[in-house]
Amino acid sequence: MLDPPAGEAGRLAERLGSLKRCFALSRIISASLDLSEVLERIMSTSRQALAAETVSLLLVDDTPGPGQGQLVFTVAQGPASAQLQAGFRLEPGEGLAGWVAESASPLMLADVYDDPRFNQDVDKLTGYRTRSMLCVPLIYRDRVVGVAQGINKENGGVFGDDDLETFSLLGAQAAVAIVNARLHRAALDKQRLEFDMEVAAGVQQGFWPKTPPPLLGIEVAGISLPCDATGGDYYDYLMRPGFSGGGQTCCVAVGDVTGHGIQAALLMASARAFLRARLLFPGGPAEVLGDVNRLLANDLGMTGRCMTLFLLEIDPVCSRLRFVRAGHDPALLYDPARDTFGALDGKGIPLGIDGDWRYEENTLDGLPPGGVLVCGTDGIWETRDASGEMYGKTRLCRTVRRNAGADAWTVARAVLADLDAFRQEEPRLDDVTLVVVKAAPGPIKVEAICG
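I will try to describe carefully the structure that is included in this document. (Residues numbered from 1 in each chain as written. Predicted model: local features only at pLDDT ≥ 70, side-chain atom pairs only at ≥ 80, totals over all residues. Heavy atoms only, no water.)

Our next topic: the sheet that holds strand β4 (residues 107-109). Here we have six strands laid out as an open sheet, ordered β3-β2-β1-β6-β5-β4, and antiparallel in their pairing. Unpaired on one side and paired on the other, β3 (89-90) and β4 mark the two borders of the sheet. Two strands pair when backbone bridges link them, and strand β1 (residues 52-60) and strand β2 (residues 71-77) are joined in this way by six bridges, in the antiparallel orientation. Looking at β2, one finds that Val-60 is bridged to Leu-71. Contacts between helix α2 (residues 35-50) and the sheet are confined to β1, β2, β5 (133-140) and β6 (143-153), with β1 contributing the most and set at about 145 degrees to the helix. (Pairing = 2+ DSSP bridges. Helix = DSSP H or I, 4+ residues; strand = E, 2+ residues; numbered from the N terminus. Contact = heavy atoms within 4.5 Å. Axes fitted to C-alpha atoms, helices over the stretch in contact; angles between N-to-C directions.)

Along helix α9 (residues 392-402), the positions that sit buried rather than exposed are Gly-392, Leu-396, Cys-397, Thr-399 and Val-400. Among the structural elements, β12 (331-335), β13 (340-344), β15 (372-376), α8 (378-381) and α10 (408-423) are those in contact with the buried residues of α9. (Buried < 20%, exposed > 50% of the residue type's maximum accessible area, 1.4 Å probe, protein only.)

This brings us to the nonpolar core. Nonpolar side chains tend toward joint burial in soluble globular proteins. Formed by 49 residues in total, the largest nonpolar core has its most connected members in Leu-275, Leu-309 and Leu-373. Aside from chain neighbours lying at most four places away, what touches Leu-309 is Tyr-234, Ala-253, Val-254, Gly-255, Leu-275, Leu-289, Val-324, Arg-325, Ala-326, His-328 and Leu-351. Counting 25 residues, the second largest nonpolar core, distinct from the first, contains Leu-138, Val-145, Phe-167 and Ala-177. (Core = buried A, V, L, I, M, F, W, Y, C linked by side-chain atoms within 4.5 Å.)

With that settled, the discussion passes to the pattern of salt bridges. This model, assessed by the stated rule, comprises 18 salt bridges. In this structure, Asp-345 engages Arg-325 in a salt bridge whose closest nitrogen and oxygen atoms are separated by 2.6 Å. Remark: Arg-325 occurs in strand β11 (residues 320-326) and Asp-345 occurs in the loop between β13 and β14 (362-364); sequence separation between them is 20 residues. Residue class for Asp-345 comes out partly exposed when judged on its relative accessible area of 42%. Arg-338 is paired through a salt bridge with Asp-335; the nearest N and O atoms lie 3.9 Å apart. On the basis of relative accessible area, Arg-338 is assigned to the exposed category, the value being 67%. Taking the relative accessible area as the measure of exposure, Asp-335 reaches 13% and is therefore buried. Among the ionic contacts, a cluster of salt bridges with common partners joins Arg-240, Glu-313, Arg-322 and Glu-361. (Salt bridge = Lys/Arg side-chain N within 4 Å of Asp/Glu carboxyl O.)

Time to look at empty space enclosed by the protein. Under the definition given, this model contains six cavities of 30 Å³ or more. Volume-wise, the second largest cavity comes out at about 40 Å³. Along its surface, the second largest cavity is lined by Pro-330, Ala-331, Leu-332, Val-374, Cys-375, Gly-376, Trp-381, Lys-393, Leu-396 and Leu-434. When residues of the lining of the second largest cavity are traced back to their parent elements, those giving at least two are β12, β15 and α9. The dominant element in the lining of the second largest cavity, judged by the number of residues it contributes, is β15, at three residues. When grouped by side-chain class, the residues that make up the lining of the second largest cavity number eight nonpolar, one polar and one charged. (1 Å grid on protein atoms, 1.4 Å probe; cavity = no way out; pocket = protein on both sides within 12 Å on 5 of 7 lines; lining within 4 Å. Points joined across faces, edges and corners; volume = space filled by probe spheres on them. Nonpolar A, V, L, I, M, F, W, Y, C, P; charged D, E, K, R; others polar.)

Here you go:
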């Protein structure tokens, strides 16, 4: 076999050396998963490999919205690069870079001003004179993720075929490195979000009552299960001074913020704080919700968000109940002696819609012996099974009736167990909250005077 001519051998050796440098530079590009560092390395290695005065990198905006598909100037190195603002955008197909991105083809020009596709705005902005250019698409799995540009040879010459081959190899490696860095950053963001959501869920779970209220002859139990890490459902019970007749009364609240997730949880936390603070001062349930409503209406403005709430005040000494419905579903009251269900109904709009709304207060002369009062959110009766059928309030009432002889906690757990059996493997699509108030089966003797 004959040896190649000396000139050809020299050219092959030079080509081999260029490819070795290219692969060495590719390893440098891939050595980091930090996106900003990866982009800077792509530019540094490209500038070195091409012996170019200036290099720049534009990434395709893949974020849904009006800017999707545009090329976004991201990194530049070389003369006048400091004058270029990151974020400068090109429309699809605009300029040489836009053409390269749209056609997914490289471009090599000895004099860019001879090409009508060249956008002279950048030169006018910086005062830098672009002469020759090498431009390659960054392609990952048949998708253009960006465009890299080499501008002006340092020795004043023009880019050649070897430069194009080297730049194309670097571009292919750069596309993989960019996608990997983005995936790594997305994974870190997801991990950070999951951690933050775990913290938020822990904070929200701390809002739920830790122990039942100390009521003579009455039990209270509550459960809340968000469908996400956090939810917009709310339940609470707390004792407050019995301003009208001495002693203490117990306020039970069940609420539901529009939507679910972190935004709903934040609104729920605000409403809880407003309600708890307001209950420290005199006033019946209607006055209390009127004040809370004004505060929420000021905060929510025109956001379209609101919160339904059922507020019940129990006076265990006088066996008297006062309640207000702020757009929430009525509580259901089961009387085991009569085997009937009644509704604690009343008028009222959700909180946060109209700050001037006057809420209606309703009264009930105590619970029947062994009576079971249940108040929940629509995540219970609107739960669907695989066929699309809703759980409904009729099934809820049947479950309450079957378990009415048990304590309040057992009734609540029985309802949620029946709900899970109905739902089977279907995902929970809404927050589920239930509070059960259970009266003793017989009369309670107390020595007190009601005002």
